[in-house]
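# Per-entry structural report
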Amino acid sequence: MVVRIEQQKVGEEYWIRIHGILDFSTMDQLHEDWVIPDGTSKMVIDVTHMEFIDSTGIGGILNLLYSGSAKQLAIEIQGLREEVKEIFETLGVFQIMKALQAGGDRK
Amino acid sequence: MMFRKQSPLSSSIQSTVDSALKREILLAQNIQMSLLNGEKPQLASGEVTGSTIPARLIGGDYFDFYPLPDGKIRIVIGDVMGKGIPAAMLMILTRGAFRSASETTQSPGETLSAMNNALFADLRKLGSFVTVFCSDWDPETGKLTYASAGHNLPIIVRGSRALETARSATGVMIGGLPKQYYDNYEVRLQTNDLVFFYTDGIVEAQNRQGDIFRLNRLVQLLVETGQRDAEHIERHVIESIDRFTEGLPQKDDITMIILKVGECQSELTGYNAPILNA
């Protein structure tokens, strides 16, 4: 079971593409060498090719959202399949994104 | 390339460390199972029971019952992010927060808010979260009041159909955002209704082909067995998952609470819910 994380800076956008399975056994790879490059104004998390995600993987996505928010970046999640979207809705991930974008969690 | 020969002494120390660690994990497992399998609430009519099967020796799922002074019972089920020992440690933290919040709060929504207030800073620091579903069951009136912090809603079976609960009844997971308010919803239950609270380890159980158990399969089997007693339903669910996964090691913790409604003193018909397609 593998995950492949691609990171790419396109202009001011920083793309993170997740391929494969993002779960308890693969999550460490999302933590490795994690640095948001200077000059980034927007983070795009592309999950089009993500095959499976568990709660640990969702925790990893949340940490990306918090990291982006701490740098005051605009954040977008692309390529959500309907079943993953439903899970995100149940957990309140979109509410968290909205609050972070509005600066609701900055203390 | 050089290899360092392992000395008999270091091997012996390693073996002592391993057995100490094993013993400690088993003790932790005993503690967790004792806390989870506490006294089950006695109802004047009907029955409520819960069970959990961790994917590893210990797990991050949680369920609990808390008797309220007015004869109601507060029922909670939760799922900590992750697995194994780290999740189990946070599960104990969650239990403490629930029990302490239940002493002072008046509704499931208030309980979740208090739990989030207590746990948010720690969970954010650890990059973790917990989903929790909390409900107050009033056996006298048949009213189930509930609120959710990112947790899936229970399945309610009445006769040969599954009722649909309010899909909007989901707030943000515990540890997601500070100072959260959770709305309360309610449903009037009737005699012989079944309420099945669960964690996602059930619907996300996988077989060797990579197929997932899924919600509709669970709903179908609950409709088939909904008129039986709680113990039978619990056994039937576990056996069905075992059959489906064909003995493949469990990937996630599995937890369920089964509430079977007995005779309600004031049976009202205030809930006309649409049928959930199985």
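Because the structure is a prediction, the values reported are computed rather than measured. (Residues numbered from 1 in each chain as written. Chains lettered and ligands numbered in written order. Predicted model: local features only at pLDDT ≥ 70, side-chain atom pairs only at ≥ 80, totals over all residues. Heavy atoms only, no water.)

For chain B, the helix and strand inventory stands at 6 helices and 11 strands. Over its C-alpha trace chain B gives a radius of gyration of 21 Å, about what one expects of a compact globule, namely 19 Å for 278 residues. For chain B, the C-alpha atoms occupy an extent of roughly 80 × 40 × 30 Å along the three principal directions. Within chain B, buried positions represent 54% of all 278 residues. The long-range share in chain B, meaning contacts at least 24 apart out of those at least 6 apart in sequence, stands at 73%. Carbon together with sulfur atoms contributes 52% to the accessible area of chain B, which is approximately 13,400 Å² in total. One way to put it: in chain B the 27 positive side-chain charges average out to a point 7 Å from where the 32 negative ones average out. (Helix = DSSP H or I, 4+ residues; strand = E, 2+ residues; numbered from the N terminus. Rg over C-alpha atoms; globule rule 2.2 N^0.38 Å. Buried < 20%, exposed > 50% of the residue type's maximum accessible area, 1.4 Å probe, protein only. Contact = heavy atoms within 4.5 Å. Areas by Shrake-Rupley, 256 points an atom, 1.4 Å probe, with all protein chains shown as cover. Lys, Arg positive; Asp, Glu negative; His and termini not counted. Charge placed at Lys NZ, Arg CZ, Asp CG, Glu CD.)

Looking only at helices and strands, chain A features 4 helices and 5 strands. A compact globule built from 107 residues would reach a C-alpha radius of gyration of about 13 Å, and chain A, at 13 Å, matches this within 12%. Principal-axis analysis of the C-alpha atoms places the extent of chain A at approximately 35 × 30 × 20 Å. Across the 107 residues in chain A, those meeting the buried criterion constitute 49%. Summed over all atoms, the accessible surface of chain A reaches about 5,300 Å², with 48% contributed by carbon and sulfur. A distance of 7 Å separates the average location of the 10 positive side-chain charges in chain A from that of its 17 negative side-chain charges.

Looking now at the side chain of Lys260 of chain B. Residue and element names in this part refer to chain B. Mapped onto the elements, Lys260 comes out in strand S10 (residues 254–261). At a separation of 3.3 Å, a polar atom in the side chain of Lys260 contacts the main-chain carbonyl oxygen of Arg228. Here Lys260 is in contact with Gly46, Glu47, Asn192, Asp193, Leu194, Gly226, Gln227, Arg228, Ala230 and Ile233, once residues within four sequence places are set aside. (Polar contact = N/O pair within 3.5 Å; in protein donor to acceptor, adjacent residues only side chain to side chain.)

Inspection of the entire model under this criterion finds 12 salt bridges over all chains. The residue Asp46 of chain A makes a salt bridge to Arg17 of chain A at a minimum N-O spacing of 3.7 Å. Of this pair, Asp46 of chain A sits in strand S3 (residues 42–46) while Arg17 of chain A is found in strand S2 (residues 13–22), placing the two residues 29 residues apart along the sequence. No difference in accessibility class separates Asp46 of chain A from Arg17 of chain A, as the two residues are buried. As a salt-bridge pair, Arg158 of chain B and Asp193 of chain B come within 2.8 Å of each other at their nearest N and O atoms. Of this pair, Arg158 of chain B sits in strand S6 (residues 155–158) while Asp193 of chain B is found in the loop between strand S8 (185–188) and strand S9 (194–198), placing the two residues 35 residues apart along the sequence. Taking relative accessible area as the criterion, Arg158 of chain B reaches 11% and is therefore assigned buried. (Salt bridge = Lys/Arg side-chain N within 4 Å of Asp/Glu carboxyl O.)

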